[in-house]
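Chain residues, written in single-letter form:
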Amino acid sequence: MAYQTLQTEVRKGIFMITINRPEKMNALNSTVMEELDLAVEEALTRDDIGGAIITGSGDRAFVAGADIAGFQRLSAEEARTLSIKGQALFASIEQAPKPFLAAVNGFALGGGCELAMACHLRLASTQARFGQPEINLGLIPGYGGTQRLPRLIGLTRALYLMLTGDMITAEQAKSYGLILDVVQPEELLPKSLELMQKIISGPRHAVRHILHCTYLSMTADQAGYEAEAQAFSDCFATADAREGIQAFLEKRKPRFQGK
């Protein structure tokens, strides 16, 4: 299948999915999200694919977040729909019967961090940085971040990252349990391919059952995701969110009024 914003190839049974918007630091817009949905479906339906690796084009970003320019004209109801669609896409990765690995080569912020967290495993280069900076826009994570981040790194650290918007280094992410390991940039894809090859060379039925049962052990009540989508929507109805988005696009510090 031909994609506009993704590069894909199969290497010895491993589906390589590269988000290819380096000029926008691989930010997630509607086209990327739609094509990611199709690529996940392709990975799951093709018999010659045993697992998938998701990475970003260039050496600066895995995914630096959502494309904020697309947020300017969103209504609260449109924001809710966007959140629900993003949650569904990332849930399809998390619940996939084939393993997905995020090879994080740079900034994984906002939706990029949420995408990485939806994958079953994560490797990062020394250049990687992680964070959920939506608070700086007057918003919250909307693609499952409020649910997955506490499960992966614990409540206190998750709240710290979401409430401050601070970034952490790859080494910090490893110490928090967010990623499996940190490697040099030139080693990231070879190590990712090596690990995925080891996994898919095993018995596929056992791999599938491990993924399914482990997902069930980590599943939060669906109400948490519904609450996140509604809260994401509510934020879009505030003056602070409009100010945060405008300030981001104008490259200035936002002036929040608590409204």
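Quantities reported herein were computed from a predicted structural model and do not represent experimental measurements.

This part is about the domain arrangement of the chain. In terms of domains, the chain is made up of domain 1 (6–200) and domain 2 (203–250). Measuring from the centre of the C-alpha atoms in domain 1 to the corresponding centre in domain 2 gives 12 Å. With 40 residues of domain 1 at the interface, the matching set in domain 2 holds 26 residues. Of the roughly 2,800 Å² buried at the junction of domain 1 and domain 2 (both faces included), carbon and sulfur atoms supply 65%. Across the contact surface, domain 1 and domain 2 share zero salt bridges. Along the contact surface separating domain 1 from domain 2 lie eight residue pairs in polar contact (both at pLDDT 80 or more). Listing elements by their share of the side of domain 1 that touches domain 2, those giving two or more residues are helix H2 (76–94), helix H4 (145–153) and helix H7 (188–200). Looking at the side of domain 1 that touches domain 2 element by element, the count peaks at nine residues for H2. In terms of residue class, the side of domain 1 that touches domain 2 is built from 19 nonpolar, 14 polar and seven charged.

What follows is about helix H3 (residues 111–118). Counted residue by residue, H3 has eight buried out of eight residues, so it is predominantly covered. Of the residues making up H3, those classed as buried are Gly111, Gly112, Cys113, Glu114, Leu115, Ala116, Met117 and Ala118.

Tracing the backbone through its elements, the reader meets Asn26 in the loop between strand S2 (14–19) and helix H1 (30–45). Of the residues examined, Asn26 reaches a relative accessible area of 0% and is grouped as buried. Among the polar contacts made by the side chain of Asn26, one reaches the main-chain carbonyl oxygen of Ala61 at a distance of 2.9 Å. A polar side-chain atom of Asn26 sits 3.4 Å from the main-chain carbonyl oxygen of Phe62.

Attention shifts here to H2. The end-to-end C-alpha distance of H2 is 27 Å, a good match for the 27 Å that 19 residues give at a rise of 1.5 Å each. Looking only at H2, the buried set comprises Ala79, Ser83, Gly86, Gln87, Leu89, Phe90, Ala91, Ile93 and Glu94.

Moving on to the packing of H4 against helix H5 (residues 155–164). Helices that pack against each other are described as a pair by the angle of their axes relative to one another and the distance between those axes. Axis separation between H4 and H5 bottoms out at 7 Å; the angle between their running directions is 135°. Our classification of the angle between H4 and H5 gives oblique. With respect to the hand of their crossing, H4 and H5 are arranged in right-handed fashion. Along the contact surface, H4 presents Gly145, Thr146, Leu149, Pro150 and Ile153, while H5 presents Leu155, Arg157, Ala158, Leu161 and Met162. Looking at the contact of H4 with H5 residue by residue, the classes come out as seven nonpolar, two polar and one charged.

In space, the six strands of this open sheet follow the order S1-S2-S3-S5-S7-S10, with mixed pairing throughout. If you trace the sheet from one side to the other, it starts and ends with strand S1 (6–11) and strand S10 (181–183), each paired once. Taken pair by pair, the neighbouring strands of this sheet meet at an average axis angle of 20°, ignoring direction. Looking at chain direction, strand S3 (residues 51–56) and strand S5 (residues 100–104) are connected through four bridges and run parallel. Opposite Ile53, over in S5, you have Leu101 as the bridge partner.

What follows deals with the pairing of S3. Of all six residues in S3, six are buried, a share of seventy percent or more. Of the two faces of S3, the one holding Gly51, Ile53 and Thr55 and the one holding Ala52, Ile54 and Gly56 are both buried throughout. Bridge count between S2 and S3: six bridges; the pairing is parallel. Looking across to S3, one finds that Thr18 is bridged to Thr55. Chirality of the crossover, the property in question, places the unit of S2, H1 and S3 among those that are right-handed.

Scoring rules and cut-offs
- Residues numbered from 1 in each chain as written.
- Predicted model: local features only at pLDDT ≥ 70, side-chain atom pairs only at ≥ 80, totals over all residues.
- Heavy atoms only, no water.
- Domains from an automatic or database assignment.
- Contact = heavy atoms within 4.5 Å.
- Buried area = accessible area lost by both parts, 1.4 Å probe.
- Salt bridge = Lys/Arg side-chain N within 4 Å of Asp/Glu carboxyl O.
- Polar contact = N/O pair within 3.5 Å; in protein donor to acceptor, adjacent residues only side chain to side chain.
- Helix = DSSP H or I, 4+ residues; strand = E, 2+ residues; numbered from the N terminus.
- Nonpolar A, V, L, I, M, F, W, Y, C, P; charged D, E, K, R; others polar.
- Buried < 20%, exposed > 50% of the residue type's maximum accessible area, 1.4 Å probe, protein only.
- Expected span 1.5 Å × (residues − 1).
- Axes fitted to C-alpha atoms, helices over the stretch in contact; angles between N-to-C directions.
- Parallel < 35°, antiparallel > 145°, perpendicular 65-115°, else oblique.
- Left-handed = near helix turned anticlockwise from the far one by under 90°.
- Pairing = 2+ DSSP bridges.
- Right-handed = clockwise from strand over helix to strand, strands pointing away.

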